[in-house]
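Here are the chains, one letter per residue:
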Amino acid sequence: MAKTPVLTPRVEDFPRWYQDVINKAELADNGPVRGTMVIRPYGYGLWERMQQDMDARIKAVGVQNAYFPLFIPQSYLAREADHVEGFAPELAVVTHGGGKELEEPVVVRPTSETIVNEYFSKWVQSYRDLPLLINQWANVVRWELRPRLFLRTTEFLWQEGHTAHATYEDARDFAARIHREVYARFMEDVLAMDLVLGRKTARERFAGALNTLTLEGMMGDGKALQLGTSHELGQNFARAFHTSYLSKDGEQELVWQTSWGSTTRMVGALVMMHGDDNGLRIPPRLAPIQVVVLAIKGDEAVLAKVREIGDLLTAAGVRVHVDDRTDTPFGRRAVDWELKGVPIRVEIGPRDLEGGTAMVARRIPGGKEPVRAELLPKVLEEDQALLLRQARERRKARTTDVTTMEEAAEAAAAGGWARIRWADLGPEGEAALAERSVSVRCLVTEDGAVPDADDAPGNVAFVARAY
């Protein structure tokens, strides 16, 4: 009799497979309020490493961390018309506190442009105060009608950067720098994610922004997922909150601003871009545990060898976990570590001691082979590169060049992406695609760069179904 698979096969039901992985790899549980989630220690460990690496990159471009309140006066959002209109359906509004009706309702933070500007307008007085570069790590609430763990939740964790500059050019260049040097490099170098960097169309850009830069990734089922955005806000919020400065010429000028964010959605993307029918595959540079050393039997000599190898790898700078729980069957432990996507398992039993070898199971390419412990750091780097290469090859293989809106819709419905000249699609074609639950994910130039304008000649649109 065939064994029942641990996970629903991806080809049978990709959403169910995703939920199975989240559950069985112990990443998260649904919270008690619809749309919320409890992030379990293993899932939080992934987010924690993402946070630490990104925080260092954000600080390296001159940004400092701060914190702004969770509760925002409702009147703040009303000051920027496009912003409040864009977020109105997602707002959670508090009308009572301390047993009394509040004089003014407060909004639970959906994003912080408005409250940040309230304080930027106090802190910025002169050109000498610019640029002002602030980031915060926080939670936000956007009331989600169709929640899915990590991908769309009512409350999620993120970082949000907010900056003020003296000129449009400085703000534009800083938004692009975050997009490229922080987000793209982190996601490619650490998460091994294949990305398309582009510009959002007017229909898709952030509410209240002049321009939105995006990073789009193809998931294992061919759908697209937005992995991070960087916005040029222009002077819209500065005008609404009177955020101005005294220039070198002695004139009062409005600042130019950016905002940018990435979220716990990256954990969901990690599952869907790299996972397989056996569970997660964690990029070695991200993995909280890069190598798990398993004792097959409870023999004292075996246990001593397992600990010795663990110490050897730790001294070599590898993140190691020694699994000597020999009261739990070896097969069950091996499956659990495979589900969790630990890049390498070193399995040691009495026969390995006799032969002076250790069997190594490589999670990313699959298969087992004897490998000397001192070579494992090199193997980890090979597997990191393989994950990125596999993701890139999948996107290229499942992207079709088309010339009509109908062909673009068909390619997306078939589980892939379409590339079409923006001049052949345009806003009318984009609107027609939206009626079929297909969207323009971003615009790029013919050679794949980020365009300077929505309507620049030669722009190409990536079209897909999206999460």
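Ordered by their spatial adjacency, five strands build an open sheet running 16-15-17-18-19, and the pairing between neighbours is mixed. Single-partner strands in this sheet number two, and they are strand 16 (320-323) and strand 19 (368-370). Within this sheet the neighbouring strands show an average axis-to-axis angle of 25 degrees, counted without direction. The pairing of strand 15 (residues 291-295) with strand 17 (residues 344-348) spans five bridges and is parallel. Along strand 17, the bridge assignment pairs Leu-294 with Glu-347. Against the sheet, helix 10 (residues 330-339) makes contact with strand 15, strand 16 and strand 17, and its axis sits at roughly 175 degrees relative to strand 15, the strand it touches most.

With that out of the way, let us pick up the side chain of Asn-135. In this structure, Asn-135 sits in strand 7 (residues 132-141). Residue Asn-135 is classed as buried on the basis of its relative accessible area of 0%. Residue contacts for Asn-135: discarding those within four places in its chain leaves Ile-58, Val-63, Gln-64, Asn-65, Ala-66, Gln-159, Glu-160, Gly-161 and Trp-260.

Moving on to the side chain of Thr-163. Among the structural elements, Thr-163 can be located in strand 8 (residues 155-165). Using a relative accessible area of 0% as the deciding quantity, one classes Thr-163 as buried. A polar side-chain atom of Thr-163 sits 2.5 Å from a polar atom in the side chain of Thr-258. Apart from residues no more than four positions distant in its own chain, Thr-163 is found in contact with Phe-120, Leu-132, Leu-133, Ile-134, Phe-174, Trp-256, Gln-257, Thr-258 and Trp-260.

On to the sheet that holds strand 5 (residues 93-97), then. Strand order in this open sheet of three strands is 4-6-5, and the pairing throughout is antiparallel. Each having just a single partner strand, strand 4 (71-73) and strand 5 make up the two edges of the open sheet. Sheet twist, expressed as the average angle between the axes of neighbouring strands with direction ignored, equals 50 degrees. Bridge analysis of strand 4 against strand 6 (residues 100-108) gives three bridges, and the strand direction is antiparallel. In the sheet register, Phe-71 faces strand 6, and the bridge partner there is Val-108.

Of all eleven residues making up strand 11 (residues 224-234), ten are buried, and the element is well covered by its neighbours. With eight bridges connecting them, strand 10 (residues 211-218) and strand 11 associate as antiparallel partners. Bridge pairing in strand 11 places Asn-211 opposite Glu-232. Once strand 10 ends, the chain turns through five residues before running back antiparallel as strand 11, passing Gly-222 with a positive phi of about 90 degrees. Pairing of strand 11 with strand 14 (residues 256-263), which is carried by five bridges, proceeds in the antiparallel orientation.

When the terminal C-alpha atoms of helix 6 (residues 168-189) are compared, their 30 Å separation across 22 residues agrees well with the 32 Å that a helix rising 1.5 Å per residue should span. Residues of helix 6 that are buried include every one of Ala-171, Phe-174, Ala-175, Ile-178, His-179, Val-182, Tyr-183, Ala-184, Phe-186 and Met-187, and no others.

It is worth spelling out a nonpolar patch on the surface at this point. Nonpolar side chains collect at one region of the surface, where Val-33, Trp-143 and Leu-145 lie side by side and expose about 320 Å² of accessible area between them. Note on placement: Val-33 falls in the loop between strand 1 (28-30) and strand 2 (37-39). For Val-33, a relative accessible area of 43% corresponds to the partly exposed category.

Time to look at unusual backbone geometry. For the bond running from Leu-130 to Pro-131, omega is -5 degrees, close enough to zero to count as cis. Its location among the elements puts Pro-131 in the loop between helix 5 (113-123) and strand 7. Positive phi is not limited to glycine here, since Glu-26 has a value of about 60 degrees. Take Glu-26: it is sitting in the loop between helix 1 (14-24) and strand 1. Although it is not a glycine, His-242 sits at a positive phi angle of roughly 55 degrees. Relative to the helices and strands, His-242 is located in the loop between helix 7 (236-241) and strand 12 (244-246). You can call His-242 exposed: its relative accessible area is 62%.

So, how was this worked out
- Residues numbered from 1 in each chain as written.
- Predicted model: local features only at pLDDT ≥ 70, side-chain atom pairs only at ≥ 80, totals over all residues.
- Heavy atoms only, no water.
- Pairing = 2+ DSSP bridges.
- Helix = DSSP H or I, 4+ residues; strand = E, 2+ residues; numbered from the N terminus.
- Axes fitted to C-alpha atoms, helices over the stretch in contact; angles between N-to-C directions.
- Contact = heavy atoms within 4.5 Å.
- Buried < 20%, exposed > 50% of the residue type's maximum accessible area, 1.4 Å probe, protein only.
- Polar contact = N/O pair within 3.5 Å; in protein donor to acceptor, adjacent residues only side chain to side chain.
- Expected span 1.5 Å × (residues − 1).
- Patch = residues over 30% accessible without salt bridge, like charges linked within 9 Å, V, L, I, M, F, W, Y side chains within 5 Å.
- Areas by Shrake-Rupley, 256 points an atom, 1.4 Å probe, with all protein chains shown as cover.
- Salt bridge = Lys/Arg side-chain N within 4 Å of Asp/Glu carboxyl O.

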